[in-house]
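Structural characterization, general
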Amino acid sequence: MKYYPAKTVLHSLITIVSKNGSLLLNLSPKADGTIPQEQKEIALSLGRWLGKFGECVYGTRPWATYGEGPAHATDGVKECSAQDIRFTRNKAGTALYAIVCGWPGDGAQVNIASLKRSHIDLTSLAKVELLGDRPGTYATLGWKQDEDGLKVALPSTRPYAVEAYPIKL
């Protein structure tokens, strides 16, 4: 069997959820009922990420646009890059998640073009936070909105290593 890397499956899940879809993950047991190690590793990797950052996936709804960046959602199963951002919102509509599909660099500034001043008024935005690597923990981020987008300042050093970094607005 040929397997997609866990990172590719995660990025596909994030893209699919941002478009209000569901991912069917196929596990194919061997004749003796055991799950092949490669399949276990992919499923466990997804589970670890969702265990930390599940609030930006579970019970969410699509936003006005699924995302932005060079990797298009119509390209099928595809790994994204740090220039790709996918959006979800919570059920109450009080939080928007911008999930950055990679670490753009220590101290980098992420520009979320979909949130430029001419598209949306963010004067009531109270805070912008990076989800922490433990559920319910957050790091406050600096931000400013202009004609090009919402500019979010990331921490000076990567706080943890994962395949996608959710930002909560």
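A few points on the structure. (Residues numbered from 1 in each chain as written. Predicted model: local features only at pLDDT ≥ 70, side-chain atom pairs only at ≥ 80, totals over all residues. Heavy atoms only, no water.)

Their axes nearest at 9 Å, the elements helix α1 (residues 6–18) and helix α2 (residues 37–53) cross at an angle of 50 degrees. As far as their axial angle goes, α2 and α1 are oblique. Crossing of α1 over α2 shows right-handed handedness. Here Ala6, Val9, Leu10, Leu13 and Ile14 of α1 lie close against α2, whose contacting residues are Ile42, Ser45, Leu46, Trp49 and Leu50. Its residues assigned to classes, the contact of α1 with α2 comprises nine nonpolar, one polar and no charged. (Axes fitted to C-alpha atoms, helices over the stretch in contact; angles between N-to-C directions. Helix = DSSP H or I, 4+ residues; strand = E, 2+ residues; numbered from the N terminus. Parallel < 35°, antiparallel > 145°, perpendicular 65-115°, else oblique. Left-handed = near helix turned anticlockwise from the far one by under 90°. Contact = heavy atoms within 4.5 Å. Nonpolar A, V, L, I, M, F, W, Y, C, P; charged D, E, K, R; others polar.)

Read across the open sheet, the three strands follow the order β4-β8-β7; overall the sheet is antiparallel. Here the strands that pair on one side only, and so sit at the sheet edges, are β4 (109–112) and β7 (142–145). When strand polarity is set aside, the average angle formed by the axes of neighbouring strands in this sheet is 20 degrees. Where β4 lies against strand β8 (residues 150–153), four bridges are found, and the strand directions are antiparallel. Bridging from a neighbouring strand, Gln109 pairs with Ala153 of β8. (Pairing = 2+ DSSP bridges.)

Summed over the entire model, instances satisfying the criterion amount to five aromatic pairs. An angle of 20 degrees between the planes, with centres 5.4 Å apart, marks the rings of Tyr160 and Tyr165 as stacked. Accessibility classification places Tyr160 together with Tyr165 in one group, the buried group. Through successive ring pairs, a cluster of aromatic residues spans Trp49, Phe53, Trp103, Tyr160 and Tyr165. Looking at Lys19, its charged tip hangs above the ring of Tyr66, at a distance of 5.9 Å from the centre. (Phe/Tyr/Trp six-rings, centres within 6.5 Å; stacked < 30°, edge-to-face > 60°. Buried < 20%, exposed > 50% of the residue type's maximum accessible area, 1.4 Å probe, protein only. Lys NZ or Arg CZ within 6 Å of the ring centre and 35° of its normal.)

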